[in-house]
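Overview (structure and organization)
The primary structure of each chain is shown beneath.
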Amino acid sequence: MKRPSICLPLMLSVVFMNSAIKPRIIFGQQAWRLPPREVVEIIDAPPVPRVQISPDRSWMLFIQRDAMPGIEAVSRRKLRLAGMRIDPAANGPFLSRYDRGVSLRPRDGGQAIDVPLPDGAMLASTSWSHRSSHFALTTITSAGQQLWIVAADDPARPRLLTDRLSTVTGGIQWSPDGQSILCRTVPADRANEPVPPEVPAGPNVQESSGNKSPTRTYQDLLTSPHDEALFEHYARNQLTLLGIDGSQKQIGDPAIITSAEFSPSGRYVLVTTVQRPFSYLMTWSSFPQNIEVWDSDGGLVHLVASVPMAENIPIEGVRTGPRGVHWKAGEPETLYWMEALDGGDPNATAPFRDRFMRLAAPFDEPPAELLRTEHRAVNMTVMADPSLVVVAEYDRDRRWVRTRLHNLEDDDEPRTLMDRSVRDHYNDPGSIVTVPDETGFSRALQDGDWIYRFGQGASPKGNLPFVARQNLTTLDTERLWRCADKTYETPLAIVESRNDRPPVIITSHETRTTPPNWFLRDLASDEKTPLTQFEDPTPQIRGVKKQLVKYKRADGVSLSATLYLPAGYERGERLPLLVWAYPREFNDPDTAGQIAGSPHQFVRMTGGTHLTFLTQGYAVMDSATMPVIGDPETMNDTFIEQIVSSAAAAIDKAVEMGVADRHRAGVGGHSYGAFMTANLLAHCDLFRAGIARSGAYNRTLTPFGFQSERRPFWEAKDIYFSISPFMHAAKINEPLLLIHGEADNNSGTFPMQSQRMFQAVKGNGGTVRLVMLPNESHGYRARESVLHTHAEMINWFDKYVKNAEPIEEEMLESENDTNPG
């Protein structure tokens, strides 16, 4: 007799298990789970408002937001096209989190005034005019995306400028006079969304004729003519000038405009448009482009470059021809750009890798060379005197960054301002403080010969942020202020400055137990005035203990971590331990051993943080350093040995301090940290279990390099195999929890990576659980997904780490204790 078929609703769990039978098999979709109540309350706590200060430092916007969106927000329809995710209802990029309100208050105090928004509207972005008289808001409604203008002196009456805003390929720009906004709108002639064909017209074909074109493994690429039609439908836009008085002017014809930038004079617009053919292997930023100068009516004035498809570019190489084309600040109508002198190939030998070019209106002369850089040019910062520029360049071979001051009006040798390893944070002089000039273009804030720098102030004590100034004539540097010990205070903006006294600045001040708040600090008098009074959103975790710990691994390399202990921890108590880490690459042990972060920052638990383990009685070694040191070309040859040694040193330190039980240690990480976690479980027995979130485990699926690996698979097959935990799945004999977003869009971390890793461990008899989060990307946003992730992680470690059965060594020690003879 046939058995009747059973149909279960989709949202029910499909579980086959018998507690008396091992192994256990679970599959199917399960209902959302919640972690312990105390975790829910912490993660649900509303965050403090985000603050945006006006360019003149007179006004403060307070932007209200929720802790997390609901699952419905991340489950809205999205189009995954050409490496981007489009919200077709909003005519913009897909956003899973929106702000819910905004209010305005004078910097020096007074009542904050709420800016009224349409019922049900979601706040997507805010943008101050460089004149500080107005700010713009973009909101999303069921009818599309809207652009509003708000006067700082009348915030209760916003003006709607358009409800046809399109931000698929970029945002807005204020005009140099601050009286209008250059934006992109939905073309008036746009038809209905293309409908997919019911019957394919034929196969989708790609062909290559022998040209090398190594590319990273991007996701969300075009796959068919229908995808091409969808991309063009939503990316095509109309350049529009919207006046703050409500006026509108269309500029030129609709096109796929990816950037539009007024010249400082306001007479011209630099426009970049995407051209066909599109690619099924690359993202939209690699498609052919035209870079043009238009007049204010949209007429073509000058073709700067027709840039071909970004094919045949070596790994870590750049396009040939003009790249990074912009207007030069401080000059009314002058373009500048970078060009490769080494064919864009970092492996080629060349005395100079790049040069900067210059072309001024009326654009009828050949472009002139401004300067050359020995290494790959990164960017240019213009000083108050536009003939002085600071250029940053990067030496890929040494992982070295250098900034040099160039005088464009003479042929003197440029002077070096900084020359250090990118990992040498102790010797970082800080970033040059820039402000918008009268046309809205960024230039260095300067008093006489002095420029200012804000830095993180990395030190053996942790980060101690600072304010400094540097003389462009003598190159002497003066430290004006540094964060006090046992606090964490970060400079945010300069309010007043003169060359004869230290400036007045705005800072964000916090300690381990007091939340970040904004202060006005006069560095001359050391007076400190509070600007905000945000309260602690989670007072229930203030008893958590936090400290910086330093230790060494077996080869003498210095390591560090931030050690957290639960509230109420009693000295001498040995706790289950979570080691959470993310490997990073270094050229030398000295920079690898530098301290990062601060032990005095306010303890937060938001989103998918692993610090919620503290509420469940765990010790947490957070950001435990896992340096991989060596030559940039071959450092992954010893990746496994180095991370195992670093992990052992972390556990040894926690045990030595008397806070951790060596036999109840677990490891976890996200992305490259997940890759590390799976490798540690495969290649050592230091941990009882692991948590790997959104990782990549089979490196043959990322054959043209990954992270900092430069060699393609075909040049380093043994390395790709040896450091792929998928290839060693049979050796993973500790329980492994795999979590992954089903819509992960990060390069290389395809959801398939976790699915295949699960099959590999399961097929070899290992203990493994795979959790795929619907509609989530590389990071998890929805409240349901985030809380479920916490529940999964805590349950997994409670079972396999905290309450793990004693291993043989522990049982032997117990026997020795009870039977001393």
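**Topic: the overall build of the chain**
The helix and strand inventory of the chain stands at ten helices and 50 strands. Relative to the compact-globule value of 28 Å for 821 residues, the chain shows a C-alpha radius of gyration of 28 Å, a close match. If you line up the chain on its principal axes, its C-alpha atoms span 95 × 75 × 60 Å. Looking at the 821 residues of the chain, the share that counts as buried comes to 55%. Long-range contacts, defined as pairs at least 24 residues apart, comprise 58% of the intrachain contacts of the chain with a sequence gap of at least 6. Counting every atom, the chain has about 36600 Å² of accessible surface; 49% of that belongs to carbon and sulfur. The averaged location of the 101 negative side-chain charges in the chain is 5 Å from the averaged location of its 85 positive side-chain charges.

**Things to note about the confidence of the model for the chain**
Of all residues in the chain, 95% attain a pLDDT of 70 or more, and the chain-wide mean is 92. Counting interchain partners and residues more than four positions distant, the pLDDT-below-50 stretch residues 1-23 has 19 contacts. In the predicted structure, residues 814-821 sits below a pLDDT of 50 and forms zero contacts with residues beyond four places in sequence or in another chain.

**Regarding the pairing of strand β17 (residues 248-255)**
Across five bridges, strand β16 (residues 237-243) lies against β17 in antiparallel orientation. Each residue of the ladder has a partner; that of Leu-242, found in β17, is Gln-248. Taken together, β16 and the strand that follows it, β17, pair antiparallel across an intervening segment of four residues, in which Gly-246 is found at a positive phi of about 100 degrees.

**Focus: the environment of Val-301**
Secondary-structure assignment places Val-301 in strand β21 (residues 300-307). Relative accessible area serves as the criterion here: at 34%, Val-301 is assigned to the partly exposed category. Spatially, the C-alpha atoms of Val-301 and Phe-278 are 26 Å apart, while their sequence positions differ by 23 residues. With near-sequence residues (within four places) excluded, Val-301 lies in contact with Tyr-268, Val-293, Trp-294, Asp-295 and Phe-363.

**A few points about the pairing of strand β43 (residues 575-581)**
In terms of residue burial, β43 counts as a mostly covered element, since seven of its seven residues are buried. Relative to strand β45 (residues 619-624), β43 runs parallel, the two sharing four bridges. Among the inter-strand pairings, Val-579 is bridged to a residue of β45, identified as Met-621.

**Digging into the side chain of Arg-699**
Tracing the sequence through the fold places Arg-699 in the loop between β48 (689-693) and α7 (717-722). Nearest to the buried, unbridged Arg-699 among oppositely charged side chains is Glu-585, at 8.8 Å.

**Regarding the packing of helix α1 (residues 37-44) against helix α9 (residues 783-802)**
Orientation of α1 relative to α9, taken along the N-to-C sense of each, is 145 degrees, at an axis distance of 11 Å. Both α1 and α9 take part in a crossing whose hand is right-handed. Note on element contacts: α9 touches α1 through Arg-783, Val-786, Leu-787, His-790 and Ile-794, opposite Val-39, Val-40, Ile-43 and Asp-44. Considered class by class, the residues forming the contact of α1 with α9 number six nonpolar, one polar and two charged.

**Looking at the sheet that holds strand β14 (residues 173-174)**
Here four strands make up an open sheet; going across it, the order is β14-β15-β16-β17 and the pairing antiparallel. In the strand order of this sheet, the two ends are held by β14 and β17, each with one partner.

**Quick word on the packing of aromatic side chains**
Enumeration according to the criterion identifies 22 aromatic pairs in this entry. Ring centres 5.4 Å apart and planes at 80 degrees place the aromatic pair Tyr-268 and Phe-363 in the edge-to-face group. Within this pair, whereas Tyr-268 is found in strand β19 (residues 268-274), its partner Phe-363 is found in the loop between β24 (354-360) and β25 (368-373), the two being separated by 95 residues in sequence. Residue Tyr-268 is classed as buried on the basis of its relative accessible area of 9%. Taking relative accessible area as the criterion, Phe-363 reaches 5% and is therefore assigned buried.

**Things to note about the nonpolar core**
By size, the foremost hydrophobic cluster in this structure holds 61 residues, and its most contacted members are Tyr-551, Leu-577, Met-621 and Phe-687. Among the nonpolar cores identified, the runner-up in size contains 32 residues, and Val-40, Ile-42, Trp-580 and Ile-691 belong to it.

**Observations regarding unusual backbone geometry**
For the peptide bond that leads from Arg-276 to Pro-277, omega is 5 degrees, which places it in the cis range. Residue position: Pro-277 is located in the loop between β19 and β20 (289-295). Each neighbour pair has its own omega, and for Ala-361 with Pro-362 the value is 15 degrees, a cis peptide bond. Along the chain, Pro-362 falls in the loop between β24 and β25. Although it is not a glycine, Glu-316 sits at a positive phi angle of roughly 65 degrees. Residue placement: Glu-316 occurs in the loop between β21 and β22 (323-327). Backbone geometry places Gln-707, a non-glycine residue, at a positive phi of 45 degrees.

**Remarks on the sheet that holds β21**
Read from one edge of the open sheet, four strands run β18-β19-β20-β21, paired in antiparallel fashion. Whereas interior strands pair on both sides, the edge strands pair on one side only; in this sheet they are β18 (257-262) and β21. Averaged over neighbouring strand pairs, the angle between their axes works out to 15 degrees when direction is ignored. Here six bridges tie β20 to β21, and the two strands are oriented antiparallel to one another. Directly across from Ile-291, in β21, lies its bridge partner Ala-305.

**Description of helix α5 (residues 639-656)**
Spanning 18 residues, α5 covers 26 Å between terminal C-alpha atoms, matching the ideal 26 Å at 1.5 Å per step. Counted residue by residue, α5 has 13 buried out of 18 residues, so it is predominantly covered. Within two residues after α5, Gly-658 carries a phi angle of roughly 80 degrees, on the positive side.

**As for the pattern of salt bridges**
The final tally for this structure, using the stated rule, is 53 salt bridges. Notably, a salt bridge pairs Arg-80 with Asp-220, separated by 2.9 Å at the nearest N-O pair. Placement of the pair is Arg-80 in strand β5 (residues 79-81) and Asp-220 in the loop between β15 (180-185) and α3 (225-235), with a sequence separation of 140 residues. Take Arg-80: its relative accessible area is 34%, and that puts it in the partly exposed class. In this structure, a network of salt bridges that share partners links the residues Glu-316, Arg-396, Asp-397, Glu-633 and Arg-710.

Each value, and the rule that gives it
Residues numbered from 1 in each chain as written. Predicted model: local features only at pLDDT ≥ 70, side-chain atom pairs only at ≥ 80, totals over all residues. Heavy atoms only, no water. Helix = DSSP H or I, 4+ residues; strand = E, 2+ residues; numbered from the N terminus. Rg over C-alpha atoms; globule rule 2.2 N^0.38 Å. Buried < 20%, exposed > 50% of the residue type's maximum accessible area, 1.4 Å probe, protein only. Contact = heavy atoms within 4.5 Å. Areas by Shrake-Rupley, 256 points an atom, 1.4 Å probe, with all protein chains shown as cover. Lys, Arg positive; Asp, Glu negative; His and termini not counted. Charge placed at Lys NZ, Arg CZ, Asp CG, Glu CD. pLDDT = per-residue confidence, 0-100. Pairing = 2+ DSSP bridges. Salt bridge = Lys/Arg side-chain N within 4 Å of Asp/Glu carboxyl O. Axes fitted to C-alpha atoms, helices over the stretch in contact; angles between N-to-C directions. Left-handed = near helix turned anticlockwise from the far one by under 90°. Nonpolar A, V, L, I, M, F, W, Y, C, P; charged D, E, K, R; others polar. Phe/Tyr/Trp six-rings, centres within 6.5 Å; stacked < 30°, edge-to-face > 60°. Core = buried A, V, L, I, M, F, W, Y, C linked by side-chain atoms within 4.5 Å. Expected span 1.5 Å × (residues − 1).

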